[in-house]
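What follows is each chain in one-letter form.
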2 protein chains.
Amino acid sequence: MIQKLADKIKATHAPICVGLDPMLDYIPEHILKKAFAEYGETLEGAAEAVWQYNKGIIDAVYDLIPSVKPQIAMYEQFGIEGLKVFQKTVEYCHEKDLVVIGDIKRGDIGSTSAAYAAGHLGKVKVGGNFYAPFNEDFVTVNPYLGTDGVKPFIDICKAEKKGLFILVKTSNPSSGEFQDRLIDGRPLYEWVGEKVAEWGADHMGETYSYVGAVVGATYPEMGKVLRRIMPKSFILVPGYGAQGGKGADLAHFFNEDGLGAVVNSSRGIIAAYKQEKYASFGSERYADASRAAVEDMIADIDGALQAAK
Amino acid sequence: MIQKLADKIKATHAPICVGLDPMLDYIPEHILKKAFAEYGETLEGAAEAVWQYNKGIIDAVYDLIPSVKPQIAMYEQFGIEGLKVFQKTVEYCHEKDLVVIGDIKRGDIGSTSAAYAAGHLGKVKVGGNFYAPFNEDFVTVNPYLGTDGVKPFIDICKAEKKGLFILVKTSNPSSGEFQDRLIDGRPLYEWVGEKVAEWGADHMGETYSYVGAVVGATYPEMGKVLRRIMPKSFILVPGYGAQGGKGADLAHFFNEDGLGAVVNSSRGIIAAYKQEKYASFGSERYADASRAAVEDMIADIDGALQAAK
């Protein structure tokens, strides 16, 4: 699956993923109205609106991009109905041949991590049958519990040829509170980065490892160091756009082969029609606004990569 | 809710919670057979078996204990059908007046943590209506992202009078890989513990804070230090029983008022009938075996607390 991600990035010249993190605030009025008319102002109605909104965006951008990253919290907040739409969104993205990165940030001890890994990346056995309940291609994992929290995910990735992005340095303002603290003179995130490289060495694709890392676009200097510490790991880079990261900040996250990073934008793409820059599309054509924002993001990042050469 | 937990602990003399972490392996044959006969060897069949198994245990032990801790991973592995049973289990435990600690170990940046908090502890707004999708009383939270990952949970706890247990020192063997690393001469878990105390000071119940901590029974000496660092925080203590923790190890986790900790046992209770000690109950009477195991656990912990006085 890491090879599929690399191949699709080469084919599209777009080392990006679109964050499918729908909030009801983002969804155009006409979609909300229709969903509420059909299902009422209920969790089912909210979920239907999210689904129609997602589908519009996916249909408009799938040919431009290699991957999407649905953030499960935005679905889980609507309970069972929301999670059904998470599942449906993953399936639909697979139909469009997109690589799906489930942003689930799970992580627990042994058998519990194994249960998460089975449910999201692998298969669960019921009597004589096997089922793949959520079936993402990659998931994000929290490293706080150490190797025995991560290992069960790696084992299932090996069996299924799927992958992980481990949280190393997150994009949020307070990420430094623990992640930047110095241990033997080096920040915690570097120690976590070293572990990612170690875990990843044990599970390689052709040129990149199936075990990647999350490093926020908002911390480009740290990205530079982590790029060196984890040369074989893909870096998932959140924080582009709405959180403040720009193309020019991102060159350090890539290797010289132009690969090694996938930059995520969520709000900046899916709610593009709410920005002044794309306002002329109007809310009815929100998906076309998202397509224009994807094209601009690709140009910004590709430009920065060319300039860095 | 923290006061309800404290009051129920005093009333039952049982500072414990039963971990509802069902694995298909634990479920007696007669329950599996019936569920599969009705729904086939499907995710729905697995979920039905989990539900009947849980219900049997809850009915057998609810009058002895203050709280339960369902581990969501064990439900999430069965996809939507599993999560429906998670929800149904939470509801049923509320009917039995149990305090429900959702072991979800979520944690993300700002608006994403807010979505998890709304879905699990609070309410989500759809049009003019509010819904409480999962409605636990407490949840566990991962601190790796720092204050802005935790704050949205605290805000919702304040509004809903609910609570948190933040992972500080987990019970698994490799928890030390990052958590024990020294920062300015003190391990990371102590720094996290200090943050828990700081976050908790801002959100107090009558005598204890709504912000508690997770500290594994397998690390009693660390529990002693953390007890002092977080005097007003309840400590959720996993790792009793199957993971190796014993009553005699646990006295340090409590304050002098006999409160301040709630000890979890999962497999040791819910699969008690598989242990030699309780084998005479047989699999048909698995729930009675669980009740006997709860009684033994209470005696073990109460004995240790009396001996420590």
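**Q** Before we go on, may I ask you to explain the overall build of chain A in this structure?
**A** Across its full length, chain A carries 12 helices and 12 strands. Taken against the 2.2 N^0.38 rule, which gives 19 Å for 309 residues, the C-alpha radius of gyration of chain A at 19 Å falls within 12% of a compact globule. Taking the principal axes of its C-alpha atoms as reference, chain A extends roughly 60 × 55 × 35 Å. Across the 309 residues of chain A, 63% fall into the buried class. The long-range share in chain A, meaning contacts at least 24 apart out of those at least 6 apart in sequence, stands at 73%. When the accessible surface of chain A is split by element, carbon and sulfur atoms take 50% of a total near 10,700 Å². Taken together, the 33 basic and 41 acidic charged side chains of chain A have centroids lying 3 Å from each other.

**Q** Explain the relation of the copies chain A and chain B here, please?
**A** Related by rotation about an axis and a shift along that axis, the two copies of the chain form a pair. Of the transformation superimposing chain A on chain B, the axial component is 0.0 Å and the angular component is 180°, with the fit at an RMSD of 0.0 Å. With respect to symmetry, the two chain copies, as superposed, fit the operation of a two-fold axis. Residues of chain A ranked by C-alpha distance from the rotation axis are headed by A:I183, positioned 2.6 Å from it. With an isologous cut-off of 70% or more, the 100% of interface residues of chain A that recur at the interface of chain B puts this contact in the isologous class.

**Q** Can you help me understand helix α1 (residues 2-12) of chain A in this one?
**A** Along an α-helix, residues three or four apart share an orientation, since each turn contains 3.6 residues. All names here are of chain A. Where α1 is concerned, the buried positions are I2, Q3, L5, A6, K8 and I9. On its buried face, α1 is in contact with β2 (67-68), β3 (99-106), β6 (138-141), β7 (163-169) and β12 (261-265). At the exit of α1 stands H13, carrying a positive phi of roughly 55°.

**Q** How do you make sense of the sheet that holds strand β7 (residues 163-169) of chain B when you look at a structure like this?
**A** The strands making up a sheet associate through hydrogen bonds between their backbones, and the pairing can be parallel or antiparallel. All names here are of chain B. The sheet built from 8 strands closes into a barrel, its strands ordered β1-β2-β3-β6-β7-β10-β11-β12 with parallel pairing. Across the sheet, the mean angle separating the axes of adjacent strands is 30° when strand polarity is ignored. Pairing between strand β6 (residues 138-141) and β7: 4 bridges, direction parallel. Considered in β7, the bridge of V141 is made with I166. Seen against the sheet, helix α1 (residues 2-12) touches β2 (67-70), β3 (99-106), β6, β7 and β12 (261-265) and runs at an angle of roughly 125° to β3.

**Q** Would you take a moment to explain the packing of helix α9 (residues 188-201) of chain A against helix α10 (residues 220-229) of chain A for this structure?
**A** All names here are of chain A. Axis separation between α9 and α10 bottoms out at 9 Å; the angle between their running directions is 30°. The orientation of α9 with respect to α10, classified from their angle, is roughly parallel. Of the two possible hands of crossing, α9 and α10 adopt the one that is right-handed. Across the interface between the two elements, Y189, E190, G193, E194 and A197 of α9 pack against M222, V225, L226 and I229 of α10. A breakdown of the residues in the contact of α9 with α10 according to their chemical character gives 6 nonpolar, 1 polar and 2 charged.

**Q** I'm lost on the nonpolar core in this one. Help?
**A** Most often, soluble globular proteins keep nonpolar side chains buried together rather than apart. Ranked by size, the top nonpolar core spans 238 residues in total, and within it A:L164, A:F234, B:L164 and B:F234 carry the most contacts. If near-sequence neighbours (up to four positions away) are discounted, B:F234 is found in contact with B:I2, B:L5, B:A6, B:I9, B:F165, B:Y208, B:G212, B:A213, B:L259, B:G260, B:A261 and B:V262.

**Q** Honestly, unusual backbone geometry in this entry has me stumped. Any pointers?
**A** With the exception of glycine, most residues fall at negative phi, and the peptide bonds are largely trans. Residue and element names in this part refer to chain A. Unlike most non-glycine residues, K161 shows phi in positive territory, near 55°. In this structure, K161 sits in the loop between α7 (147-160) and β7. You can call K161 exposed: its relative accessible area is 55%.

**Q** Explanation requested: the packing of aromatic side chains in the structure shown.
**A** Think of a pair of aromatic rings as described by two things: how far the centres are apart, and how the planes are tilted against each other in angle. A complete count under the given rule lists 14 aromatic pairs over all chains for this structure. Each ring, one from B:Y273 and one from B:Y286, has its centre 6.4 Å from the other, and the planes form 70°; the classification is edge-to-face. Of this pair, B:Y273 sits in the loop between α11 (267-270) and α12 (286-308) while B:Y286 sits in helix α12; the two residues are 13 residues apart in sequence, bridging distant segments of the chain. B:K96 extends its terminal NZ or CZ atom over the ring of B:Y62, reaching a point 4.6 Å from the ring centre. A cation sits over an aromatic face here: B:R181 above A:W191, 4.1 Å from the ring centre.

Criteria and cut-off values
Residues numbered from 1 in each chain as written. Chains lettered and ligands numbered in written order. Predicted model: local features only at pLDDT ≥ 70, side-chain atom pairs only at ≥ 80, totals over all residues. Heavy atoms only, no water. Helix = DSSP H or I, 4+ residues; strand = E, 2+ residues; numbered from the N terminus. Rg over C-alpha atoms; globule rule 2.2 N^0.38 Å. Buried < 20%, exposed > 50% of the residue type's maximum accessible area, 1.4 Å probe, protein only. Contact = heavy atoms within 4.5 Å. Areas by Shrake-Rupley, 256 points an atom, 1.4 Å probe, with all protein chains shown as cover. Lys, Arg positive; Asp, Glu negative; His and termini not counted. Charge placed at Lys NZ, Arg CZ, Asp CG, Glu CD. Least-squares fit on C-alpha atoms with pLDDT ≥ 70 in both. Pairing = 2+ DSSP bridges. Axes fitted to C-alpha atoms, helices over the stretch in contact; angles between N-to-C directions. Parallel < 35°, antiparallel > 145°, perpendicular 65-115°, else oblique. Left-handed = near helix turned anticlockwise from the far one by under 90°. Nonpolar A, V, L, I, M, F, W, Y, C, P; charged D, E, K, R; others polar. Core = buried A, V, L, I, M, F, W, Y, C linked by side-chain atoms within 4.5 Å. Phe/Tyr/Trp six-rings, centres within 6.5 Å; stacked < 30°, edge-to-face > 60°. Lys NZ or Arg CZ within 6 Å of the ring centre and 35° of its normal.

These figures come from the coordinates and say nothing about function on their own.
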